[in-house]
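# A structural walkthrough
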Amino acid sequence: MNRIDNFTGFTTAAFEPLKDAFLQNFQEDDELGASVVVYKDGKLAADLHGGWADEQKVTPWTEKSIACTMSAVKGPTAICLHLLIDQGKLALDQPVADLWPEFAQHGKGAITIRNVLTHQAGLPSLPNAPLGCGYNWDVIVKAIEDHELVMEPAKSPAYHAHTFGYLAGEIIRRQTGLMPGDFFSESIAKPFDIDYELRWRDHFEGRTSPLVPSFMPPPDQIHAFGPVFEAMIKSEDWRPKISNMLFPYFDISSDAWRRFENPAAFGHGSAKGLARLYAILAEGGALDGQRLMSETTVVRMQEECWNDTELTTNGQWRYGLGFMHNTSGLLPCGEGGFGHPGNGGAMGFANPRLGISYAYVMNRRHAAQEGMASCGPRAERLALKTLEIAGELNPC
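Notes on the structure follow. (Residues numbered from 1 in each chain as written. Predicted model: local features only at pLDDT ≥ 70, side-chain atom pairs only at ≥ 80, totals over all residues. Heavy atoms only, no water.)

Secondary-structure assignment places Arg365 in the loop between strand S16 (356-362) and helix H12 (377-390). Here Asn343 takes part through its side chain, which lies 2.4 Å from a polar atom of the side chain of Arg365. In this structure, Arg365 is in contact with Leu211, Val212, Pro213, Ile252, Asn343, Gly344 and Arg378, ignoring residues within four places of it in sequence. (Helix = DSSP H or I, 4+ residues; strand = E, 2+ residues; numbered from the N terminus. Polar contact = N/O pair within 3.5 Å; in protein donor to acceptor, adjacent residues only side chain to side chain. Contact = heavy atoms within 4.5 Å.)

Put into structure tokens, the structure is as follows:
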């Protein structure tokens, strides 16, 4: 095997071919720094790291390196809601307004927690919300309360790219009194030694690798990012406005992004942390003799709710209760698998049928023109190789 800068890690004998796929990413697809981790039957089976934590190639990428995983955080956020349902503190078909009365304004009173999890809450964007309101929790919550529905709830699926985090997060906050990141940390991350958080934490200082590229320019400079994004901002359609709440400042590696909380896109952590989290689910809700939730709840997580054209991308997606299911080009996780990809390539998933959990975290995002409609070639290569090794004959 040829050399990767700063390569460290190990695999079991069965997962040795994953090293070759990992190397191929660096040799053929311009990987900068990355980790891929697999658990098999609750035990670490592959733990590979290599490359650089910065574009200047000064700081090595190590097993301690972390990065923003973008929408891969939606899986951990969904796990929080499922944990509260498992504890009897929430119900899938409970109206959101039961916990959050102000949410019922403008015809939103019948929207349920199920609708939020399946991205059928009718609020995939907030076209009329003030620019930049997404960096202030109270302001974005008020904007959601005051906003009219963009589409009819419980009907056609439309990915709630950012609004999912605020909706799910406020449900968690209303029920527990904790911000979603604090609930995840106290109830899941700390008890199970999960090196992952729904938001950046001070203890991540010195370990965080900036994403490359990390910057999305403000609307008046959007032409610098290319004609596709310029057309998006100028459109009258609701679709391009899914990120309006985060403009005019959209730098994924900025202090503002890292320190604020949106558990739809702002999660940070290591591949080992994300894979260990999904290992709990792959093992039926328990790991290392400690139980997080019932097996019944984990089985419910595997239910597919729709296999349809997703309206923000016009792509064919398979989706369940807060998790993407086996979807070619987006989340190759095998039949029975569920998890979530993030814009740029990061992803995590569990496949209880195969007894595996998987996570990939990197700093060089795949080509911008692929947007959120593809996980990119590097992420896909590693996931498919993992599934092949695990015995999945028809991965997608």
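For the coordinates displayed, the defined rule picks out 13 aromatic pairs. Ring plane angle 25° and centroid distance 4.9 Å describe the contact between Phe349 and Tyr358, whose orientation is recorded as stacked. Given the relative accessible area of 0%, Phe349 is considered buried. According to the relative accessible area criterion, Tyr358 is buried, its value standing at 0%. (Phe/Tyr/Trp six-rings, centres within 6.5 Å; stacked < 30°, edge-to-face > 60°. Buried < 20%, exposed > 50% of the residue type's maximum accessible area, 1.4 Å probe, protein only.)

The next point concerns the sheet that holds strand S8 (residues 268-269). The three strands lie next to each other as S4-S8-S5, forming an open sheet whose pairing is antiparallel. Of all strands in the sheet, those with a lone pairing partner are strand S4 (67-68) and strand S5 (196-197), marking the two edges. Where S4 meets S8, two bridges bridge the pair, whose relative direction is antiparallel. Among the inter-strand pairings, Cys68 is bridged to a residue of S8, identified as His268. (Pairing = 2+ DSSP bridges.)

Let us now look at the pattern of salt bridges. This model, assessed by the stated rule, comprises 23 salt bridges. Here Arg378 ties to Glu31 by a salt bridge, and the two come within 2.4 Å at their closest N and O atoms. Taken together, the residues span a long stretch of sequence, with Arg378 in helix H12 and Glu31 in the loop between helix H1 (17-28) and strand S2 (33-40) at a distance of 347 residues. With relative accessibility at 6%, the residue Glu31 sits in the buried group. Close ionic contact of Glu170 with Arg174 constitutes a salt bridge, the shortest N to O distance being 2.7 Å. With Glu170 and Arg174 both in helix H6 (residues 163-176) and four residues apart, the pair spans about one turn of that helix. We classify Glu170 as buried; its relative accessible area is 0%. Given a relative accessible area of 28%, Arg174 falls into the partly exposed group. By sharing partners, the salt bridges in this structure join Glu102, Glu145, Glu170, Arg173 and Arg174 into a single network. (Salt bridge = Lys/Arg side-chain N within 4 Å of Asp/Glu carboxyl O.)

Moving on: helix H10 (residues 271-282). Over its 12 residues, H10 extends 16 Å from the first C-alpha to the last, a length consistent with the 16 Å expected when each residue adds 1.5 Å. With 11 of 12 residues buried, H10 lies mostly within the body of the structure. Where H10 is concerned, the buried positions are Ala271, Gly273, Leu274, Ala275, Arg276, Leu277, Tyr278, Ala279, Ile280, Leu281 and Ala282. One or two positions beyond H10, positive phi appears at Gly284, with a value near 80°. (Expected span 1.5 Å × (residues − 1).)

In short, shape yes, function no, at least from these values alone.
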